[in-house]
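Structure at a glance
Now for the letters of each chain:
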Amino acid sequence: MWKFTVRRILIMIPQIILLSVLIFIMAKMMPGDALSGLIDPNIDPETIAEQREKLGLNDPWHIQYANWVKDLFQGDLGMSFRYKMPVTELIGQRLANTVWLSLLTLVLIYAISIPLGLISGRYNDTWLDRVITGYTYIGFATPLFIFALVMLWFFGFTLGWFPTGGSVQPGVESGTFEYVMNRIYHMLLPALSMALITTVSTVQYLRNEIIDTKQKDFILTARAKGASESRIYNRHILRNSLLPIAAFFGYEITGLIGGTVFVESIFSYPGMGQLFLESIVQRDYSVATSLTLLFGIATILGALLSDIILSLVDPRIRIK
Amino acid sequence: MSQALLKIKNLKTSFRIKDDYYAAVDDVSLTVNKNEVLAIVGESGCGKSALAFSIMGLHNRAKIEGNILFKGKDLANASPTEWSKIRGKEMGMIFQDPLTALNPLMIIGDQIGEAIYLHNKNISKEQRKLKVIDLLEKVGIPHPERVYDQFPHELSGGMRQRVVIATAIANQPELLIADEPTTALDVTIQSQILDLMKQLKEDMDAGIIMITHDLGVVAEMADRVAVMYAGQIVEIADVYTLFENPQHPYTRSLLNSVPNNKEASSKLHVIQGIVPSLQFLPRKGCRFSARIPWIDVSAHEENPQLHEIEPGHFVRCSCYKHFHFPEEEVQ
């Protein structure tokens with residue numbers, strides 16, 4: 001098991017290196033650099049050229065890349081042009097917000113998809129199944145950013161049940177129970193919007209897995225042993241059907257990253273997704289590249305997590 | 001005759017296709033006694049497995065008519081709770097493909113142990129484990145303690161089939177249904193499994209229904225044989241009579257289709273055509289008539305019945321009296 005995990009982690013190193021090279025080259029290919037546009041046009045172009053030389057912007061790209069990586073390892077992601085503060089500090093504030101939002105969304109995704117998928121798969125081709133599959137098709141067809149807007153308008157503005165922005169109400173003291181509840185209260189609507197849309201693929205997937213598994217021969221064996229229907233579903237079908245869902249977990253995280261970009265902007269939730277969209281619109285390159293790198297690493301970690309989970313639950317690929 | 005364990009009377013199992021019901025098992029009557037092997041033979045798709053599943057109550061959405069009297073109790077329309085008390089306890093089933101018949105995520109010990117647990121919840125875990133290891137030993141698995149903790153994918157096909165058998169006999173059932181238990185295994189393993197089943201039959205005094213299309217298996221195992229075609233039994237007799245004196249055209253064709261290693265040069269006999277699919281089964285007249293077109297229509301009965309031509313030997317339709325192979329001279 002440990003051997004497998006270590007080997008799997010080692011594979012990540014070339015993946016991350018490749019990712020960083022790609023991001024760096026793409027950032028370099030974008031027009032302009034750290035000095036253009038930011039500096040007073042009245043400054044002597046010679047001074048700018050001198051500054052460029054001093055900052056190493058005229059070096060060949062691989063030397064610049066090496067310097068960038070060196071800084072990365074020292075925890076220096078550069079300065080944000082817009083906020084005039086180190087990127088690490090800027091992201092640090094928002095990282096926790098996004099992580100909590102994503103976690104809540106994940107919990108909601110599975111809280112919705114597992115019961116719905118189970119019912120839909122067990123009672124397939126009944127009216128109940130049709131209602132659930134109907135919902136999944138609507139979910140597939142609805143763009144997240146439109147759905148989130150509708151949710152915001154209806155539950156946030158029309159009914160006023162939920163706050164329409166921010167991550168916590170100003171004035172609530174940090175560290176208290178009330179503070180935690182307030183944070184969750186602020187996250188609930190964005191998380192629910194995201195979960196309701198992104199969960200549909202998992203519902204469908206689980207439904208198909210269950211329909212598939214219940215026709216397998218070993219289910220007949222279980223029935224022939226005298227197992228009751230509920231035991232067959234709980235003991236034999238559920239576990240076999242959840243395996244592929246576990247494998248899907250990493251992709252779920254990738255999907256969440258895409259989701260937070262929209263949802264955080266719509267709900268003005270101060271997280272990384274919102275920052276990402278802002279940094280692109282405002283050409284805050286160092287922030288945009290750092291965030292792309294972080295999102296990329298999160299995706300790779302998600303895949304790692306999937307593989308480890310799968311190797312834990314599936315004896316056929318479990319390495320002793 | 002010894003005591004009848006299972007008595008099936010006019011069993012009809014129908015499946016719904018679109019809005020109509022089609023009978024996959026049509027008017028089947030048979031008995032199985034204790035310590036007796038009844039073989040059911042026929043081509044693929046002639047209703048053998050559908051019959052076995054009806055006896056075990058494993059059909060989900062089928063209409064079952066007639067009687068299935070097991071130890072005097074009619075199971076034809078028993079409720080799921082009644083079934084789950086009988087299945088695995090008084091009746092065990094051995095499945096065709098051992099590679100898929102075991103849950104890939106459960107260790108062998110738990111899979112067999114589940115059969116014991118379901119019918120006797122008072123047994124402690126330790127006792128159950130001892131029982132399972134006993135069973136594994138009984139079906140000839142080496143190192144049962146180690147196999148107990150293994151997963152199905154760690155065992156070979158033959159070993160897995162032994163596990164399937166151990167599961168089926170976990171509660172000493174009185175009736176064992178084996179649905180082509182050796183089809184998926186290679187020949188050397190086949191004979192080991194058959195020997196095992198014979199021995200178990202003697203040990204447990206159980207009745208066995210053996211479903212197969214392998215006449216070699218029938219000759220080795222069976223006491224009596226029922227030949228099925230298109231959902232009906234066309235001939236039933238004890239195994240010697242059936243092999244020595246087959247009467248129904250289908251039985252004779254089947255026996256004639258067995259490769260003969262004495263005459264290497266002779267061509268293999270082939271039965272023309274295929275078993276018609278469920279929706280297109282002929283519902284009137286002799287169902288086999290379409291595959292022996294050289295026999296005159298008048299030879300068949302309009303509504304073929306089973307005729308007892310000698311004690312314990314039944315043949316359906318009178319066409320057997322006029323049957324000959326196409327290459328034979330007409331007398």
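The model shown is predicted, which means the values in this text are computed figures rather than measured ones. Numbering of residues begins from 1 in every chain and follows the order in which that chain's sequence is written. Numbering of ligands from 1 and lettering of chains from A proceed in the order in which they are written. With pLDDT at 70 or above as the cut-off, local features in this predicted model cover only qualifying residues; side-chain atom pairs require 80 or more to be listed or tallied, and sums for whole chains, interfaces and linings still use all residues.

1. Points about the environment of Pro86(A)
- If you trace the backbone, Pro86(A) turns up in the loop between α3 (61–73) and α4 (87–122).
- C-alpha of Pro86(A) to C-alpha of Ser286(A): the two residues are 200 residues apart in sequence and 9.6 Å apart in space. Where helices and strands are cited, they refer to DSSP runs of H or I of at least four residues and of E of at least two residues respectively, numbered from the N terminus.

2. So, the packing of helix α5 (residues 127–141) of chain A against helix α7 (residues 177–213) of chain A
Residue and element names in this part refer to chain A.
- For the pair α5 and α7, interaxial distance at closest approach is 8 Å and the crossing angle is 130°. Looking at the two axes, α5 sits oblique to α7. Both α5 and α7 take part in a crossing whose hand is left-handed. Seen from α5, the contacting residues are Ile132, Thr136, Gly139 and Phe140; seen from α7, they are Leu196, Ile197, Val200, Val203 and Gln204. Comment: axis = line fitted to C-alpha atoms, over the contacting stretch for helices; angle = value between 0 and 180 degrees taken between N-to-C directions. Oblique is the label for every angle not falling under 35 degrees (roughly parallel), over 145 degrees (roughly antiparallel), or within 65 to 115 degrees (roughly perpendicular). Crossings are classed by handedness, with left-handed meaning an anticlockwise turn of the near helix from the far one by less than a right angle and right-handed meaning a clockwise turn. Note on contacts: residues are paired as contacts if their backbone-placed C-beta atoms lie within 7 Å.

3. Details of the pairing of strand β2 (residues 20–33) of chain B
- Sheet topology places strand β1 (residues 4–17) of chain B next to β2(B); 10 bridges connect them, and they run antiparallel. Bridge pairing in β2(B) places Ile8(B) opposite Leu30(B). Here, a strand pair is defined by DSSP locating no fewer than two bridges between the strands.

4. Focus on the environment of Ala290(B)
All names here are of chain B.
- Of note, alanine 290 is situated in the loop between α10 (249–256) and β11 (306–310).
- Counting other C-beta atoms within 10 Å of a residue's own tells you its class, since 20 or more makes it buried, 12 or fewer makes it exposed, and anything in between is partly exposed; those C-beta atoms are placed from the backbone. Its 13 C-beta neighbours within 10 Å are what place alanine 290 among the partly exposed residues.
- In this structure alanine 290 touches Gly273 and Pro282, once residues within four positions along its chain are discounted.

5. Some words on α10(B)
- Those residues of α10(B) that sit buried are Pro249(B), Tyr250(B), Thr251(B), Ser253(B) and Leu254(B).
- Of the surrounding elements, those touching the buried residues of α10(B) are β3 (37–41), α8 (215–221), β9 (224–229), β10 (232–238) and α9 (239–244) of chain B.

6. Some words on the environment of Gly92(B)
- Mapped onto the elements of the fold, Gly92(B) is located in strand β6 (residues 91–94).
- Along the primary structure Gly92(B) and Val218(B) are separated by 126 residues, whereas in three dimensions their C-alpha atoms are 20 Å apart.
- Excluding residues within four positions of it along the chain, Gly92(B) makes contact with Ala224(A), Ala168(B), Ile169(B), Pro173(B) and Leu176(B).

7. Some remarks on the domain arrangement of chain B
All names here are of chain B.
- Either an automatic procedure or a domain database provided the assignment from which the domain bounds are taken. Here chain B is partitioned into domain 1 (4–90 + 172–267) and domain 2 (104–170).
- Each partner contributes residues to the interface: domain 1 has 14 residues there, and domain 2 has 11 residues.
- Take the side of domain 1 that touches domain 2: its biggest share by element is six residues, from helix α7 (residues 187–204).
- When grouped by side-chain class, the residues that make up the side of domain 1 that touches domain 2 number 10 nonpolar, three polar and one charged. Classes in brief: Ala, Val, Leu, Ile, Met, Phe, Trp, Tyr, Cys and Pro nonpolar; Asp, Glu, Lys and Arg charged; the others, Gly included, polar.

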